[in-house]
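# Structural overview
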Amino acid sequence: MTAVNAYAAQNATTPLTPFNFNRRDVGPHDVQIEILYCGVCHSDIHQVKNEWNNAIYPMVPGHEIVGRVIKTGNHVTRFKEGDLAGVGCFVDSCRECPSCKAGDEQYCEEGMTGTYNAYERDGKTPTYGGYSTQIVVDENYVLHVSEKLPLEAVAPLLCAGITTYSPLRYAGVGKGHKVAVLGLGGLGHMAVKFASSFGAEVTMLSGSKSKEADAKKLGANHFVLTSNKEELDKFQNHFDFIIDTVSALHDYNLYLNLLKTNGKLLIVGAPPEPVPVSAFALLMKRKSIMGSLIGGIRETQEMLDYCAEHNIVSDVEVIDASYINEAYERMLKGDVKYRFVIDIASLRN
Ligand code: NAP
Ligand code: ZN
Ligand code: ZN
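All of these numbers come straight from a predicted model, not from anything done at the bench. (Residues numbered from 1 in each chain as written. Chains lettered and ligands numbered in written order. Predicted model: local features only at pLDDT ≥ 70, side-chain atom pairs only at ≥ 80, totals over all residues. Heavy atoms only, no water.)

Attention now moves to the coordination of the zinc ion (ligand 3). Listed as protein donors to the zinc ion (ligand 3) are Cys-94 (SG), Cys-97 (SG), Cys-100 (SG) and Cys-108 (SG); their distances from the metal cover 2.3 to 2.4 Å. Coordination at the zinc ion (ligand 3) is tetrahedral, judged from the four donor atoms that bind it and the angles of 102 to 120° they form at the metal. Each donor residue of the zinc ion (ligand 3) belongs to the same chain, and together they define the spacing C-x2-C-x2-C-x7-C. For Cys-100, a relative accessible area of 9% puts it in the buried group. (Donors = N, O, S within 2.8 Å, 3.2 Å for Na, K, Ca; no water. Tetrahedral: all angles 85-135°; square planar, octahedral: opposite > 155°, others 65-115°. Buried < 20%, exposed > 50% of the residue type's maximum accessible area, 1.4 Å probe, protein only.)

Let's shift gears to the coordination of the zinc ion (ligand 2). Coordination of the zinc ion (ligand 2) by the protein involves Cys-41 (SG), His-63 (NE2) and Cys-159 (SG), with metal-donor separations of 2.0 to 2.2 Å. In primary sequence terms, the donor set of the zinc ion (ligand 2) follows C-x21-H-x95-C. Within this pair, whereas His-63 is found in the loop between helix 1 (42-48) and strand 4 (65-72), its partner Cys-159 is found in the loop between helix 3 (151-154) and helix 4 (160-170), the two being separated by 96 residues in sequence. (Helix = DSSP H or I, 4+ residues; strand = E, 2+ residues; numbered from the N terminus.)

Moving on, we get to the domain arrangement of the protein. For the protein, the assigned domains read domain 1 (2-159 + 295-347) and domain 2 (161-291). Each of domain 1 and domain 2 has a C-alpha centre, and the two are 27 Å apart. Between domain 1 and domain 2, roughly 2,000 Å² of surface is buried when both sides are summed, and carbon and sulfur atoms account for 56% of that area. Per-residue buried area on domain 1 facing domain 2 is highest for Cys-159, Tyr-306 and Tyr-338; these three make up 31% of the total on that side. Taken together, domain 1 and domain 2 are joined by two salt bridges. Summed over the shared surface of domain 1 and domain 2, the number is 17 residue pairs in polar contact (both at pLDDT 80 or more). Elements that contribute at least two residues to the side of domain 1 that touches domain 2 include exactly helix 1 and helix 10 (297-310). Within the side of domain 1 that touches domain 2, the residues separate by chemical class into 11 nonpolar, six polar and six charged. (Domains from an automatic or database assignment. Buried area = accessible area lost by both parts, 1.4 Å probe. Salt bridge = Lys/Arg side-chain N within 4 Å of Asp/Glu carboxyl O. Polar contact = N/O pair within 3.5 Å; in protein donor to acceptor, adjacent residues only side chain to side chain. Nonpolar A, V, L, I, M, F, W, Y, C, P; charged D, E, K, R; others polar.)

On to the site of ligand 1. Lining the immediate surroundings of ligand 1 are 29 residues, of which His-42, Ser-206, Ser-208, Lys-211 and Arg-339 lie closest. Take Ile-294: an N or O atom from its main chain is 2.7 Å from an oxygen atom of ligand 1. Here ligand 1 loses 86% of its free accessible area of 920 Å² to cover by the protein chains. Those elements that place two or more of their residues in the shell around ligand 1 are helix 1 and helix 5 (186-197). (Near = heavy atom within 4 Å. Areas by Shrake-Rupley, 256 points an atom, 1.4 Å probe, with all protein chains shown as cover.)

The nonpolar side chains of a soluble globular protein tend to be buried with one another. Tyr-131 and Phe-194 are the most contacted members of the largest nonpolar core, which has 96 residues in total. The two domains that each donate at least three residues to this core are domain 1 (2-159 + 295-347) and domain 2 (161-291). Beyond its immediate sequence surroundings of up to four residues, Phe-194 is in contact with Gly-161, Thr-164, Tyr-165, Leu-168, Met-303, Tyr-306, Cys-307 and Ile-312. (Core = buried A, V, L, I, M, F, W, Y, C linked by side-chain atoms within 4.5 Å. Contact = heavy atoms within 4.5 Å.)

Moving on to the pairing of strand 1 (residues 2-8). Of all seven residues making up strand 1, five are buried, and the element is well covered by its neighbours. Bridging between strand 1 and strand 2 (residues 17-23) involves seven bridges; their strand directions are antiparallel. Looking at the pairing, Tyr-7 lines up with Pro-18 of strand 2. (Pairing = 2+ DSSP bridges.)

Turning to the pattern of salt bridges, a few remarks are in order. Tallied over the entire structure, the rule returns 18 salt bridges. Across the pair Arg-24 and Glu-120 runs a salt bridge whose closest N-O atoms are separated by 3.3 Å. Taken together, the residues Arg-24 in the loop between strand 2 and strand 3 (30-39) and Glu-120 in the loop between strand 7 (113-114) and strand 8 (134-138) connect sequence positions 96 residues apart. A salt bridge links Lys-234 to Glu-231; the shortest N-O distance between them is 3.0 Å. Classification of Lys-234 by relative accessible area gives exposed; the value is 61%.

Structure representation (structure tokens):
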């Protein structure tokens with residue numbers, strides 16, 4: 001066992017504080033990773049605050065992990081000591097069900113094993129995430145990371161990146177499509193980068209006027225302030241796809257109206273409350289709503305390789321672990337440009 005330093009939530013209401021625990025010994029199929037950077041996802045906040053009603057405490061959040069392999073088990077073939085490695089939102093799955101066999105481990109019929117706030121397949125050993133100095137993961141759930149890109153800016157690709165890449169790819173977004181991105185935070189800024197890189201005409205729909213110039217720099221062709229209803233109305237029957245990354249409840253019908261016939265609303269934002277949707281908002285123009293959860297291991301690797309090839313990374317603000325509670329407060333105000341990433345060196349003694 002290896003003792004590691006971490007930051008953890010002890011309950012839903014008090015700030016995260018320093019925490020120590022042990023990582024398991026490296027098994028035959030495991031790689032041990034010294035974590036260098038870990039991104040801060042809004043899902044960390046939902047879970048720390050028990051907004052999804054599934055919290056297990058103490059909780060060490062973090063599922064946008066990059067680092068270097070420091071040890072490998074006897075049977076490991078895909079990694080060696082010194083390799084860069086990434087870990088995303090899950091660290092195991094049943095490996096047998098149709099979803100696992102199809103490479104969609106995130107949809108495992110027995111449930112994926114979350115990187116944190118979950119139990120290992122034994123049903124009793126809690127998993128702890130990337131706000132920590134090391135992690136031990138089965139090699140089949142570890143990604144290869146390019147040496148070409150700035151590592152701190154690669155970390156958010158492991159969740160914000162794949163969560164937006166996967167539905168845009170599944171929907172076949174490309175040249176000739178008009179795509180809107182709703183919400184300019186961690187997921188939103190990656191959605192703008194990918195949709196634009198895939199050749200679509202991209203419109204940013206944001207509640208923050210101050211983000212207009214950034215949206216254009218990220219690749220958006222147009223910017224619409226969502227509080228300006230007159231301006232929004234001009235975009236009725238306009239978009240082929242809207243990717244909704246908003247973390248809080250909002251009016252989904254308003255945005256369904258902006259889709260053209262056969263248009264699709266791709267939901268990735270995960271507010272805890274149920275969403276009221278009008279049947280008419282869908283049936284009048286054969287519109288549909290699709291949800292999407294992160295992406296499987298194979299597609300996550302494809303996305304990382306695509307980013308290395310096309311020089312796509314996240315725009316990050318690097319912080320020390322001790323800043324995490326302020327970072328959460330700022331994210332709740334929409335004040336993030338566009339992903340906080342913890343420099344894990346700040347957790348080492
Ligand atoms: P984030 O960085 O905090 O960004 C969320 C953005 O949503 C904000 O910057 C803001 O953008 C907008 N927003 C926030 N509150 C709003 C409100 N009350 N009304 C309208 N807009 C609001 O969050 P994130 O890390 O990108 O995560 C976004 C959501 O996706 C979270 O719910 C998270 O849990 C979920 N998520 C889902 C998956 C998945 O697999 N499906 C994976 C990761 C995260 P503007 O300032 O531009 O309005
Ligand atoms: Zn996430
Ligand atoms: Zn499975």
